[in-house]
Amino acid sequence: MNLDTFFEEIKKTPINVTVNSEVSPTRSSLDNEALFQLPFICMAILVIAKGSRKPIVSQLGQLVGECLERSMPTFKGSSQHLGWSANLRVRTVKALSFLELTNLIIVSNRNSRVQLSEIGKKVAQKALDGQDDLAASLLSIAREYRNICVARQLEMELIE
């Protein structure tokens, strides 16, 4: 069937879609899309890179996911597994590209680590100094990143 025949057939055949208006969609928890907004991911990257341990670019998507999963009460113990979300990783790459284009971060060619530029440090500090929900969430993300780094360091010491 070609396109013209298809449209002729559609005009001849009436199409009805029934919708059950009694059912209202409810959302008991946040889904992956709720947190995947680029500005928030950008701020999470800035806060993670602000710490003393600079993240490696190839691990950043998983780190952002793990930090969000650990710091957001809705995701604690859920089956979302944000650290393994391909969608979050794609959006993290987009956020990383934006931050690099705006000169808020610098990606070292030598060791592939993310560092904040001077303006990036000011932006991150300004967000952390606030007295709002964003500042509290970002401080929680920074704390979880430190916890992840410490846990990995302890695991390495146990292996040796």
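Fair warning: this is a prediction, and the values are worked out from it, not measured in the lab.

## Quick look at the nonpolar core
In a soluble, globular protein the nonpolar side chains are often hidden away together inside. If you look at the biggest cluster of nonpolar residues, it comprises 35 residues, and the most contacted ones within it are Ile45, Leu46, Ile105, Leu138 and Ile141. Counting residues per element, the ones that place at least two in this core are helix 3 (38–50), helix 4 (60–71), helix 5 (86–101), strand 1 (105–107), strand 2 (114–116), helix 6 (118–129) and helix 7 (133–159). Here the element with the most residues in this core is helix 3; it accounts for 10 residues. Ignoring any residue separated from it by four or fewer positions in sequence, one finds Ile105 in contact with Leu46, Leu96, Leu99, Glu100, Val114, Gln115, Leu116 and Ser117.

## Here we look at the packing of helix 3 against helix 5
Relative to each other, helix 3 and helix 5 sit at 70°, their axes nearing to 9 Å. Looking at the two axes, helix 3 sits roughly perpendicular to helix 5. Two secondary-structure elements touch here, helix 3 through Leu38, Ile41, Cys42, Ile45 and Leu46 and helix 5 through Leu88, Arg91, Thr92, Lys94, Ala95, Leu96, Phe98 and Leu99. The class makeup of the residues in the contact of helix 3 with helix 5 is 10 nonpolar, 1 polar and 2 charged.

## Remarks on a nonpolar patch on the surface
Nonpolar side chains collect at one region of the surface, where Leu3, Phe6, Phe7, Ile10 and Ile15 lie side by side and expose about 500 Å² of accessible area between them. Mapped onto the elements of the fold, Phe7 is located in helix 1 (residues 3–12). By relative accessible area, which is 45% here, Phe7 ends up partly exposed.

## Quick notes on the state of the cysteines
Overall, the coordinates contain 0 disulfides when judged by the stated rule. Looking at the unpaired Cys149, the closest cysteine sulfur is the one in Cys67, lying at 7.9 Å. Accessibility expressed as a relative area gives 15% for Cys149, which makes it buried.

Quick notes on the rules
Per chain, residue numbering runs from 1 following the sequence as it is written. Only residues with pLDDT of 70 or above have their local features reported here, since the model is predicted, and side-chain atom pairs are shown and tallied only from 80 upward, although totals for entire chains, interfaces and linings are computed over all residues. In computing side-chain properties, one takes all heavy atoms of the structure into account and sets aside hydrogens as well as water. Only buried Ala, Val, Leu, Ile, Met, Phe, Trp, Tyr and Cys residues count toward a nonpolar core, and they belong to the same one when joined by side-chain atoms within 4.5 Å. Only protein chains enter the accessibility calculation, which uses a 1.4 Å probe; a residue whose area is less than 20% of its type maximum is buried, one above 50% is exposed, and one in between is partly exposed. Under the scheme used here, helices are H or I runs from DSSP no shorter than 4 residues and strands are E runs no shorter than 2 residues, and both carry numbers assigned from the N terminus. Any pair of residues with heavy atoms lying within 4.5 Å of one another is described as a contacting pair. Every angle, taken between N-to-C directions, lies between 0 and 180 degrees, and every axis is a line fitted to C-alpha atoms, over only the stretch in contact when it is a helix. Orientation categories follow fixed angle ranges, with anything under 35 degrees roughly parallel, anything over 145 roughly antiparallel, 65 to 115 roughly perpendicular, and all other angles oblique. Residues are grouped as follows: Ala, Val, Leu, Ile, Met, Phe, Trp, Tyr, Cys and Pro are nonpolar; Asp, Glu, Lys and Arg are charged; all remaining types, including Gly, are polar. Nonpolar side chains (Val, Leu, Ile, Met, Phe, Trp, Tyr) within 5 Å and like charges within 9 Å form the patches, drawn only from residues with over 30% relative accessible area and no salt bridge. Under the convention used here, a 1.4 Å probe and the Shrake-Rupley method define accessible areas, while residue burial counts only the protein chains that appear. Salt bridges are defined by distance alone: a side-chain nitrogen of Lys or Arg within 4 Å of a carboxyl oxygen of Asp or Glu. To count as a disulfide, a pair of cysteine sulfur atoms needs to be within 2.5 Å.

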